[in-house]
Amino acid sequence: MSLFSIDEKLCVKDGICVAECPTSVIEMKTSDSLPTVTDGGETRCINCGHCVAVCPHGAISLARMSIDQCPPIKGALSLDENQAEQFLRSRRSIRTYKPGDVDIETLTRLINIARYAPTGSNSQQVHWLVVATRDKVVQLTALAVDWMRSAIQEKNPVAEAYQMAGIVHAWEKGIDIISRGAPALIITHGPETYPVMTIDSAIALSYLDLAAPPLGLGCCWAGFFMAAAGFWPPLAEALNLPDGHKSFGAMMVGYPKFTYQRMPERSEAKLSFFK
Ligand SMILES: Cc1cc2nc3c(=O)[nH]c(=O)nc-3n(C[C@H](O)[C@H](O)[C@H](O)COP(=O)(O)O)c2cc1C
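Each value, and the rule that gives it
Residues numbered from 1 in each chain as written. Predicted model: local features only at pLDDT ≥ 70, side-chain atom pairs only at ≥ 80, totals over all residues. Heavy atoms only, no water. Helix = DSSP H or I, 4+ residues; strand = E, 2+ residues; numbered from the N terminus. Buried < 20%, exposed > 50% of the residue type's maximum accessible area, 1.4 Å probe, protein only. Areas by Shrake-Rupley, 256 points an atom, 1.4 Å probe, with all protein chains shown as cover. Lys, Arg positive; Asp, Glu negative; His and termini not counted. Charge placed at Lys NZ, Arg CZ, Asp CG, Glu CD. Core = buried A, V, L, I, M, F, W, Y, C linked by side-chain atoms within 4.5 Å. Pairing = 2+ DSSP bridges. Axes fitted to C-alpha atoms, helices over the stretch in contact; angles between N-to-C directions. Contact = heavy atoms within 4.5 Å. Near = heavy atom within 4 Å. Polar contact = N/O pair within 3.5 Å; in protein donor to acceptor, adjacent residues only side chain to side chain. Salt bridge = Lys/Arg side-chain N within 4 Å of Asp/Glu carboxyl O.

**Student:** So, the overall build of the protein: which residues are in play, and what are the values?
**Tutor:** Tallying secondary structure elements over the protein gives eleven helices and eight strands in all. Overall, the C-alpha framework of the protein stretches about 75 × 45 × 45 Å when taken along its three principal axes. Counting over 275 residues, the protein shows a buried share of 35%. Only carbon and sulfur atoms are counted for the fraction: they give 55% of the accessible area of the protein, which is about 17000 Å². Looking at charge distribution, the protein has the averaged site of its 25 positive side-chain charges lying 8 Å from that of its 28 negative ones.

Spelled out as structure tokens, the structure:
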């Protein structure tokens, strides 16, 4: 089967698909010919769907992505500049959660929005591990506390830098500074050797962070947990990831207990232009 098919009745030969294809897979031999696959195009196609999504006439379909799998963009749902600014500026790291677990359907819906984050060469290598109950979060967080205890004992400089003694002390008194009482953790993982996994994972989790508020949810990066999963084998093993995978990021998720009323200021952009 060919890489893509063209509906001859709909194609107006405007060359938009040729111009937009990121890997030059599509060509028009003359200005009057239908788009065809370039030499070696089959192996270069990254299945990004741009040709299908950009065609104003619905004339192209990919073998691995039909036009029916690409819903139209509804203009009425687009954000204007002010809405976009408020949407982005009002995102907050949430550290106080309502009690109770988040249901699996809601967590799945959240990931099903976040998974549209960009990935290097559209490789889509980000895997999601959902720690879906507070009990399980506590069990895993306890292993992160063990890592901190060991770092303190070994006088590892990170212990002092991240004030681990205080975090461990708080944990022993029932205060969770690592996972902040969150009822869920979402961990990204993927092939250890994949070169841009760290970047793909960070973008995916940033999408997750932004996708959460419209679902009533709030998130916070779980930096201590991420570090522990990277450095402490008992935690890495407890995650039971597939062979060759490692964790690349972690986010706390839950229903926020409080509602933010204002958007805090940040330092000005450290900005320069070349002209
Ligand atoms: C890589 C990274 C790791 C973070 N780790 C933690 C963490 O372990 N615990 C925590 O409470 N907040 C953590 N944060 C949240 C930051 O403290 C927070 O983004 C920052 O204070 C700004 O607040 P805002 O997200 O509400 O704008 C982390 C953020 C990032 C980007």
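**Student:** Go over the nonpolar core, please, and point to the residues and values.
**Tutor:** In terms of nonpolar packing, the biggest core is built from 29 residues, with Met148, Ile178, Leu185, Phe225, Leu235, Leu239 and Met252 touching the most fellow members. Considering each element in turn, this core owes the most residues, seven residues, to helix α6 (residues 134-153).

**Student:** Got a sec to walk through the sheet that holds strand β8 (residues 245-254)? Specific residues and values, please.
**Tutor:** The four strands are arranged β5-β6-β8-β7 in an open sheet whose pairing can be described as antiparallel. Edge positions in the sheet fall to β5 (127-131) and β7 (218-221), since each of these pairs with one other strand and no more. Neighbour to neighbour, the strand axes of the sheet diverge by 30° on average, direction disregarded. Sheet topology places strand β6 (residues 184-191) next to β8; eight bridges connect them, and they run antiparallel. Its bridge partner lying in β8, Ile186 is registered against Met251. Running at roughly 15° to β8, helix α9 (residues 197-211) makes contact with β5, β6, β7 and β8 of the sheet.

**Student:** Explain the site of the ligand to me, using residue names and the numbers behind them.
**Tutor:** Close to the ligand lie Arg91, Arg92, Ser93, Arg95, Arg180, Cys220, Trp221, Ala222, Gly223, Phe224 and Arg266, which account for all nearby residues. Between the ligand and Arg95 there is a distance of 2.5 Å, counted from an oxygen atom to a side-chain nitrogen or oxygen. Interatomic distance of 3.4 Å between a side-chain N/O atom of Arg180 and an oxygen atom of the ligand. Considered on its own, the ligand offers 620 Å² of accessible surface; in the complex 63% of this is hidden by protein. Those elements that place two or more of their residues in the shell around the ligand are β7 and α10 (223-231).

**Student:** Residue-level account of unusual backbone geometry, with values.
**Tutor:** The phi dihedral of Asn122 is positive, around 55°, even though this residue is not glycine. Topologically, Asn122 is positioned in the loop between α5 (104-114) and β5. Judged by its relative accessible area of 22%, Asn122 falls in the partly exposed class. Unusually for a residue other than glycine, Asn240 sits at a positive phi of about 55°. With respect to the secondary-structure elements, Asn240 resides in the loop between α11 (233-238) and β8.

**Student:** An account of the pattern of salt bridges is needed here, citing residue identities and associated values.
**Tutor:** Inspection of the entire model under this criterion finds seven salt bridges. Among the ionic pairs, Glu85 bridges to Arg89, the shortest N-O distance being 3.3 Å. In this pair, Glu85 and Arg89 both sit in helix α4 (residues 81-89), four residues apart, roughly one turn of the helix. The shortest N-O distance in the salt bridge between Arg149 and Asp146 comes to 2.9 Å. Here Asp146 and Arg149 lie together in helix α6, a separation of three residues that amounts to about one turn. Residue Arg149 is classed as partly exposed on the basis of its relative accessible area, which comes to 32%. Overall, Asp146 belongs to the partly exposed group, its relative accessible area being 29%. Taken together, the salt bridges that share partners define one network made up of Asp146, Arg149 and Glu172.

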